[in-house]
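Given next are the chains, with one letter for each unit.
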Amino acid sequence: KHSVSQTHKRNADGRKGRTDNQMTIAVSATAAEDLDEEANNNDVNTPEEEEEENYNEPEERGRGGGFGMGGGVRGSGRGGGWNKRRIVRHPEQKPSKTMPLNDKVLYAEIRCIIKGVESDYSFLSMENWPSVMSSCDPGSEVFSRMNLNRKKVSEVVRFGLYPSMKQTLVKRVKEGGETGGFFTTGLDSSTIKHLGIQKHCDINIRYWNEAGGQVEDGYLDTHVVGHEPAVRQVNDLNKTFTEMGIPLTKMVGLSRDNPRVMEAVSKLFRSELADKGNPGVVDLICYLHPCHTAFEKCCESLTKVSELEEEEGVIKIDISTLLSSIHGFFNSPARREDLTDVGEELYDKLAGFEENLNKFFKRHVSTRWLEMGPCLESLLDRWTSTVHYFTAFLPNSKDSSDKKALKTDRY
């Protein structure tokens, strides 16, 4: 069932804006069954329908002429037909030959938008797709009429795709029945630029997917929390689960990070759930933050200089500073080229020298916890040539820029 509507947007000053076609595909299970039954009961076929069934090769890709990204979909092609039952039963609905051109254009736009969302393309990057596809097939009336303006794509995702995806998620959570359907909830807040620069709190859910046979994570909702008062966040939690119809009696754990305000949220929310008949919700605090802090303190301890080392003039820096300084020092293409030349010289002089000179140091960002390992590996892979560069090549270089580099803090 296709619900197609044309909306006229108005700007803030009241002027009429551009008309955008919006299409929301909402195929309920009941509607699919009705269409299936109608197809089964249709004993008399028109000559056009018989021709379509004869041309329809099952599970094959057509040669171009298809809709959506990737050039053709199964069962499509020039001169190909569409099987009614497959339209109903196949998870991806397909247009029929008798579908009006406007509907075909809307269908193609929806398929492109879904592809963009799945592949995490920006809405702005999708604006040029119709012109690219039209240049590949200049004779296509569908491609030439398509419009993927970023505002239009945003509206389709917000009011067409997202509600459908949310309904599917809620349905999966509830599939366990009375003996199943249990879940945990995760909270995470961050300051982002949305509706101004405000603090938002995301609500995620982890549940057992009965059909998929695995544990899955899903995004539920986002609320603006301001200064994150505990009472407000608890009210937002209750509002989200009430509106979606997910019973809080099936919640088994609340996952959160460790600030005081989140501790207050957990305590207040679990107290309310206990009053509602669910006293066993586990407080799932975040163990990543303490582990990272412990590792950070360990790295700091490696930089401590003893009295004897201080007398000998030993200087120690922490690992994070070393990685950042190394990458920053070789930010110059000329220095990278010199380092490569040093590696080539060592390759000729040293036996067993096996550095990959095509690889360079990874950029280290201290807030990205899991990247320190790969950054250290990239440094160790070029360690011999790097040490030779700083201890032998640079001090003996006659280049004026290299002489200046010897006076920098990073050196």
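A short tour of the structure in this document, coming up.

The rules behind these values
Every residue gets a number counted from 1 within its own chain, in the order that chain's sequence is written. Residue-level local features of this predicted model are given only where pLDDT is at least 70; pairs of side-chain atoms are given and counted only at 80 or more, and the full residue set underlies all totals for whole chains, interfaces and linings. No hydrogens and no water enter the side-chain calculation; it runs on all heavy atoms of the structure. Numbering goes from the N terminus for both helices and strands, where a helix is a DSSP run of H or I of at least four residues and a strand is a run of E of at least two. Throughout, a contact is declared for two residues whenever any of their heavy atoms are within 4.5 Å. A pair is scored as a salt bridge if a Lys or Arg side-chain nitrogen falls within 4 Å of a carboxyl oxygen belonging to Asp or Glu. Three exposure classes are used, based on accessible area relative to the maximum for each residue type with a 1.4 Å probe and protein chains only: buried under 20%, partly exposed in between, and exposed over 50%. Two joining distances apply to patches: 9 Å for like charges and 5 Å for nonpolar side chains (Val, Leu, Ile, Met, Phe, Trp, Tyr), and every residue must have over 30% relative accessible area and no salt bridge. Areas reported as accessible are Shrake-Rupley estimates using a 1.4 Å probe. Residue values count occlusion only from the protein chains shown. Helix span, expected: 1.5 Å multiplied by one less than the number of residues in the helix. For a residue, the bend is simply the angle between two axes, fitted respectively to the seven-residue segment ending there and the seven-residue segment starting there. Axes here mean lines fitted to C-alpha atoms, for a helix over just the part in contact, with angles spanning 0 to 180 degrees between N-to-C directions. Note on angle classes: values under 35 degrees are labelled roughly parallel, values over 145 roughly antiparallel, values of 65 to 115 roughly perpendicular, and the remainder oblique. Lys, Arg, Asp and Glu make up the charged group, whereas Ala, Val, Leu, Ile, Met, Phe, Trp, Tyr, Cys and Pro make up the nonpolar group; the residues left over, Gly among them, are polar.

As for the side chain of T240
Phase 1 of the analysis: Within the secondary structure, T240 is located in helix α8 (residues 230-244).
Phase 2 of the analysis: If we skip the residues at most four places from it in the chain, T240 touches I203, L220, D221 and H223.

Brief notes about the pattern of salt bridges
Two side chains that carry opposite charge are able to pair once their charged atoms sit near each other.
Phase 1 of the analysis: Considering all chains together, one arrives at 9 salt bridges under this definition.
Phase 2 of the analysis: Here R206 and D217 are joined by a salt bridge, their closest N and O atoms 2.5 Å apart. Here D217 lies in strand β5 (residues 214-224) and R206 lies in strand β4 (residues 197-209), a separation of 11 residues in the sequence.
Phase 3 of the analysis: A relative accessible area of 46% means that R206 is categorised as partly exposed.
Phase 4 of the analysis: For D217, a relative accessible area of 53% gives the class exposed.
Phase 5 of the analysis: The salt bridge involving K316 is made with E309; its shortest N-O contact spans 3.3 Å.

Describing unusual backbone geometry
Phase 1 of the analysis: Despite not being glycine, D120 shows a phi value in the positive range, around 65°.
Phase 2 of the analysis: Counting through the fold element by element, D120 comes out in the loop between α4 (101-118) and α5 (129-136).

Observations regarding a nonpolar patch on the surface
Phase 1 of the analysis: Nonpolar side chains collect at one region of the surface, where L288, W369 and L370 lie side by side and expose about 370 Å² of accessible area between them.
Phase 2 of the analysis: Counting through the fold element by element, L288 comes out in helix α10 (residues 288-301).
Phase 3 of the analysis: The exposed category is assigned to L288, whose relative accessible area is 57%.

Digging into helix α15 (residues 383-396)
Phase 1 of the analysis: Relative to the 20 Å expected for 14 residues at 1.5 Å per residue, α15 spans 19 Å between its end C-alpha atoms, a close match to the ideal helical length.
Phase 2 of the analysis: Of all the bends in α15, the largest measures some 45° and sits at Y389.
Phase 3 of the analysis: Along α15, the residues classified as buried are S385, T386, Y389, F390 and L394.
Phase 4 of the analysis: At its buried positions, α15 is contacted by α12 (319-329), α13 (333-349) and α16 (400-405).

Let's talk about the packing of α4 against helix α7 (residues 150-174)
Phase 1 of the analysis: Running from N to C, α4 and α7 point in directions that differ by 85°, and their axes come no closer than 11 Å. Considering the angle they form, α4 stands roughly perpendicular to α7. Contacts between α4 and α7 involve E109, I110, I113, I114 and V117 on the former and, on the latter, K152, V153, V156, V157 and L161.
Phase 2 of the analysis: Classifying every residue of the contact of α4 with α7 gives 8 nonpolar, no polar and 2 charged.

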